[in-house]
Number of protein chains: 2
Amino acid sequence: MALIVQKYGGSSLESAERIRAVAERVVNTKRQGHDVVVVCSAMGDTTDELLDLAAQVNPVPPAREMDMLLTAGERISNSLVAMAVASFGAEVQSFTGSQAGVITTERHGNARILEVTPGRVQEALDQGKIAIVAGFQGVNRDTRDVTTLGRGGSDTTAVALAAALGADECEIYSDVDGVYTADPRIVPDARKLDQLCFEEMLELAASGSKILVLRSVEYARAFNVPLRVRSSYSNDTGTLVAGAMEDIPVEEAVLTGVATDDSEAKITILGIRDTPGEAAKVFRSLADAEINIDMVLQNISSLESNKTDITFTLPKADGKRGMELLATLQRSEDWDDLIYNDQIGKVSLVGAGMKSHPGVTADFAEALRDAGINIEMITTSEIRITAVVRQIDLAEAARALHARFELGGDEPAVVYAGTGR
Amino acid sequence: MALIVQKYGGSSLESAERIRAVAERVVNTKRQGHDVVVVCSAMGDTTDELLDLAAQVNPVPPAREMDMLLTAGERISNSLVAMAVASFGAEVQSFTGSQAGVITTERHGNARILEVTPGRVQEALDQGKIAIVAGFQGVNRDTRDVTTLGRGGSDTTAVALAAALGADECEIYSDVDGVYTADPRIVPDARKLDQLCFEEMLELAASGSKILVLRSVEYARAFNVPLRVRSSYSNDTGTLVAGAMEDIPVEEAVLTGVATDDSEAKITILGIRDTPGEAAKVFRSLADAEINIDMVLQNISSLESNKTDITFTLPKADGKRGMELLATLQRSEDWDDLIYNDQIGKVSLVGAGMKSHPGVTADFAEALRDAGINIEMITTSEIRITAVVRQIDLAEAARALHARFELGGDEPAVVYAGTGR
């Protein structure tokens with residue numbers, strides 16, 4: 001008998017019919033002899049509808065009130081799932097984030113979990129009940145106000161609860177049946193992985209894989225909570241994310257997969273003075289505006305001018321704001337030019353096996369060259385190589401790398417219907 | 001400077017536009033120098049939509065989960081009103097029932113308020129903020145579970161908060177601009193009342209007037225909280241419900257109005273034995289099934305048979321269940337017959353002035369006779385006369401009484417658009 005935390009996303013709960021299907025799965029897990037805690041996201045488009053209503057009454061709504069509003073979505077799905085579970089004859093109790101002991105910082109809209117004290121949840125489990133917990137929400141320790149956890153909040157709730165309860169596994173359900181070697185919509189012969197380690201999953205998530213939110217993987221790694229990515233539409237065992245890279249025997253370490261990301265843009269500053277503090281000024285200005293920059297490339301300076309070029313990537317969503325900030329900065333600087341380009345894409349190869357295979361970077365570059373794709377920027381980590389290419393080349397780059405490193409499988413990928421939230 | 005509690009019903013909050021209109025009214029009240037606490041119902045049809053979803057996942061949903069579900073509706077309207085108020089530049093803070101200190105019994109779906117400890121609300125007021133409180137909901141003292149207050153719950157929240165805060169007035173907003181001498185849809189020359197006492201309002205509410213829920217009026221009377229019935233669509237001062245009947249000077253006591261009710265049915269038992277305990281058996285059986293019976297009429301028994309007839313009214317909604325119960329009972333009794341009739345209506349005349357005008361009952365009967373309407377049953381209280389008539393005669397009966405007692409006014413009644421919730 002194990003203790004299993006199951007997290008269901010919005011697309012798995014988008015209708016009464018889907019909620020009943022989820023409830024049946026939950027009850028079946030319980031009947032197999034396991035203790036079950038369920039964490040729910042808001043139903044389908046609920047959150048977007050609430051955001052839309054808020055925008056209509058106040059374009060700049062107070063963050064505290066926004067949290068009160070949005071958490072209603074998870075309360076609705078939470079209680080409906082509890083009702084559906086009860087209809088299958090199981091004992092069940094629902095909990096808000098606050099009732100489940102999810103204590104957070106006070107930062108409304110993007111609170112961090114400080115601790116989880118799931119006394120009431122444990123009590124319900126001890127009584128043989130299935131516990132249903134509203135995801136995405138917590139309560140500020142000091143003011144007892146309701147908070148939300150930001151993007152990927154429900155995954156984080158599930159992982160944090162699993163850690164606090166000492167769960168054996170945290171299952172993350174969506175409309176995809178596991179982690180693939182590539183996005184099957186781009187690479188048709190992408191293969192589902194049975195298992196990968198936390199570090200590999202972190203690199204994939206950081207490189208554009210949408211299957212798990214970076215933050216929840218970081219949390220799972222920190223508390224060593226095994227994650228299982230599954231589909232709520234199938235009985236496939238999915239993909240297990242568990243274990244540290246160090247524990248993988250060298251001869252078993254392989255290349256995990258290819259990730260793509262077309263959500264970033266590129267900014268180039270031409271002719272910035274190559275003296276200490278010039279680049280720092282740029283990066284400080286962006287950091288103060290909470291714009292995350294990613295890949296940074298600085299060429300060596302030209303000897304005669306003592307000037308250099310800096311290129312970096314940032315989310316397209318922050319592109320306009322970033323360029324406005326830099327344009328302001330430019331007025332007091334003697335840069336030669338400031339160039340914005342959002343027609344780029346990032347392709348990454350990830351895998352613990354990279355450490356023990358020295359030729360990977362060369363193979364990576366050759367694969368793209370053979371496909372006639374130009375590499376605009378390239379960076380590497382211990383277990384990842386990332387290249388920036390033109391956006392129109394991104395899919396072909398992913399296919400070329402996937403083929404070159406023989407990541408494909410024989411079975412076709414399975415992707416289920418749903419909103420893919 | 002006064003402390004005013006304002007309660008807005010679902011039809012006043014049915015869209016973003018209406019929410020902004022309510023917010024503007026709230027902010028204007030604050031700018032007139034008053035402290036303002038706002039109690040919100042759920043938006044428009046939200047509650048019905050949630051009930052519908054619940055029915056789809058479980059036809060017999062657990063009451064605790066139902067309360068968790070339904071309270072989401074008031075959390076949504078509550079936070080949206082707070083956002084809208086903020087957009088008009090006022091300081092504002094929203095509170096759930098629990099945060100506002102609404103402590104209730106544990107009876108899910110129909111909890112009673114045990115006490116209100118509005119420390120956080122008072123604190124917000126002391127800081128110059130407008131406080132927005134979710135109506136209809138509270139928290140069970142023992143288990144800290146969320147509860148709902150049943151029908152008219154938001155009105156009750158408003159009155160209870162007003163009592164606990166020592167508010168000067170509790171304004172109840174809907175789409176009608178006050179209490180009328182009759183339903184203006186039935187009696188075209190119905191006149192808006194400027195003021196009436198709690199007892200009169202209680203009798204009107206008990207006699208079919210929908211403007212205020214009986215329970216909230218009882219609460220207001222018990223704690224002596226002046227109520228003001230107003231429309232959220234106009235600036236009319238509405239109708240003040242305040243003061244005890246005893247305090248009205250005899251010469252100022254008048255007849256208040258006519259109420260109609262077509263929601264009841266009539267059951268007659270013919271030939272029931274007239275011995276102690278026979279009628280009690282009938283009423284106990286209905287009471288155990290939580291069916292409220294209202295008017296009861298028992299004829300004197302016939303001398304030869306020692307049998308009598310009993311007639312009583314009950315809500316049409318309970319008619320089928322009530323008849324099934326009695327049909328079961330009938331098998332072991334020697335009743336002559338059991339008759340159900342839902343083509344009836346109740347018309348009532350209410351007013352403190354009745355006490356000092358002995359001829360009112362005679363006038364009442366004559367008015368109906370002159371209109372050719374037969375009285376099937378009649379009961380009276382100190383300040384009310386109620387007759388059961390045929391349902392098709394109900395409107396004409398109301399008009400005849402309204403005219404006979406000269407309750408009409410010169411100005412036409414004003415009824416505003418809305419869902420009339």
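Residues numbered from 1 in each chain as written. Chains lettered and ligands numbered in written order. Predicted model: local features only at pLDDT ≥ 70, side-chain atom pairs only at ≥ 80, totals over all residues. Heavy atoms only, no water.

For the rest of this paragraph, the subject is the UniProt feature "domain: ACT" (unreviewed entry) in chain A. Here, the residues flagged by UniProt with the feature "domain: ACT" (unreviewed entry) are residues 267-346 and 349-421 of chain A. Helix makes up 29% of residues 267-346 of chain A and strand 34%, whereas the separation of the span's terminal C-alpha atoms amounts to 14 Å. (UniProt positions renumbered as here; feature names shortened; annotations may be inferred. Helix = DSSP H or I, 4+ residues; strand = E, 2+ residues; numbered from the N terminus.)

Residues and elements named next belong to chain B. Strand order in the open sheet formed by 4 strands is β15-β16-β14-β17, with antiparallel pairing between adjacent strands. Of all strands in the sheet, those with a lone pairing partner are β15 (296-298) and β17 (337-341), marking the two edges. Direction aside, the axes of adjacent strands within the sheet are offset by 15° on average. Here strand β14 (residues 264-273) pairs with β17 via 5 bridges, running antiparallel. Counted as the bridge partner of Leu 270 is Asp 337 from β17. Across the face of the sheet, helix α9 (residues 319-330) comes into contact with β14, β16 (307-315) and β17 while running at roughly 175° to β17. (Pairing = 2+ DSSP bridges. Axes fitted to C-alpha atoms, helices over the stretch in contact; angles between N-to-C directions. Contact = heavy atoms within 4.5 Å.)

Let us now look at the relation of the copies chain A and chain B. Here the two chain copies are tied together by a rotation about an axis and a shift along that axis. Screw-axis analysis of chain A against chain B gives a translation of 0.1 Å along the axis, an RMSD of 0.1 Å, and a rotation angle of 180°. What the superposition gives is, in effect, a two-fold axis relating one chain to the other. Taking C-alpha positions as the reference, the residue of chain A nearest the rotation axis is A:Ala72, at 2.5 Å. Here 100% of the contact residues of chain A are again contact residues in chain B; the copies associate through an equivalent surface. (Least-squares fit on C-alpha atoms with pLDDT ≥ 70 in both.)

Now for the side chain of B:His34. Residue and element names in this part refer to chain B. Mapped onto the fold, His 34 is located in the loop between α1 (16-31) and β2 (35-40). When its relative accessible area of 19% is taken as the criterion, His 34 is described as buried. Engagement of the side chain of His 34 in a polar contact is seen with the backbone nitrogen of Ala 2, the distance being 3.1 Å. Dropping the residues within four chain positions of it, His 34 is found in contact with Met 1, Ala 2, Ile 4 and Thr 29. (Buried < 20%, exposed > 50% of the residue type's maximum accessible area, 1.4 Å probe, protein only. Polar contact = N/O pair within 3.5 Å; in protein donor to acceptor, adjacent residues only side chain to side chain.)

Residue and element names in this part refer to chain A. In contact at an axis separation of 9 Å, helix α2 (residues 46-57) and helix α3 (residues 63-87) are set at 150° when each is read in the N-to-C sense. The angle between α2 and α3 places the two elements in the roughly antiparallel class. Viewed along their axes, α2 and α3 form a crossing whose handedness is right-handed. For the pair formed by α2 and α3, the contact residues are Thr 46, Thr 47, Leu 50, Leu 51 and Ala 54 on the first element and Met 66, Leu 69, Leu 70 and Gly 73 on the second. Among the residues making up the contact of α2 with α3, the classes are represented as 6 nonpolar, 3 polar and no charged. (Parallel < 35°, antiparallel > 145°, perpendicular 65-115°, else oblique. Left-handed = near helix turned anticlockwise from the far one by under 90°. Nonpolar A, V, L, I, M, F, W, Y, C, P; charged D, E, K, R; others polar.)

Residue and element names in this part refer to chain B. Counted residue by residue, helix α6 (residues 198-206) has 8 buried out of 9 residues, so it is predominantly covered. All buried positions along α6 are accounted for by Phe 198, Glu 199, Glu 200, Met 201, Leu 202, Glu 203, Leu 204 and Ala 205. Downstream of α6 by a residue or two, Gly 208 has a phi angle that is positive, lying close to 120°.

Attention now goes to the pattern of salt bridges. Evaluation of the coordinates by the stated rule reveals 62 salt bridges over all chains. As a salt-bridge pair, A:Asp145 and B:Arg120 come within 2.9 Å of each other at their nearest N and O atoms. One end of the pair, A:Asp145, is in the loop between β7 (137-140) and β8 (146-148); the other, B:Arg120, is in helix α4 (residues 119-126), on a second chain. Given the relative accessible area of 7%, A:Asp145 is considered buried. Accessibility expressed as a relative area gives 25% for B:Arg120, which makes it partly exposed. With a closest N to O distance of 3.3 Å, B:Asp318 and B:Arg321 form a salt bridge. (Salt bridge = Lys/Arg side-chain N within 4 Å of Asp/Glu carboxyl O.)

Time to look at the UniProt feature "binding site: substrate" (unreviewed entry) in chain A. Residue and element names in this part refer to chain A. Under the present numbering, the feature "binding site: substrate" (unreviewed entry) in UniProt falls on Thr 47 and Glu 74. With the annotated positions falling across 28 residues, the maximum pairwise C-alpha distance of 8.9 Å places them together in a single cluster. You can see Thr 47 is positioned in helix α2. The class for Thr 47 is buried, based on a relative accessible area of 12%. Following the sequence through the fold, Glu 74 ends up in helix α3. Among residues more than four places away in sequence, those in contact with Glu 74 are Cys 40, Ser 41, Ala 42, Ala 134, Gly 135, Phe 136, Gln 137 and Ser 154.

With that out of the way, let us pick up the interface of chain A and chain B. Contact residues are listed per partner, giving 39 residues for chain A and 39 residues for chain B. Of the roughly 3,100 Å² buried between chain A and chain B on both sides combined, carbon and sulfur atoms contribute 64%. Three residues stand out in chain A for area buried against chain B, namely A:Val57, A:Arg75 and A:Met83, and they jointly supply 23% of the buried area on that side. For the interface between chain A and chain B, the tally reads 2 salt bridges. Where chain A meets chain B, there are 14 residue pairs in polar contact (both at pLDDT 80 or more). Sorting the residues of the side of chain A that touches chain B by element identifies α1 (16-31), α2, α3 and β3 (92-95) of chain A as the ones contributing at least two each. Of all the elements, α3(A) adds the most residues to the side of chain A that touches chain B, at 16 residues. (Buried area = accessible area lost by both parts, 1.4 Å probe.)

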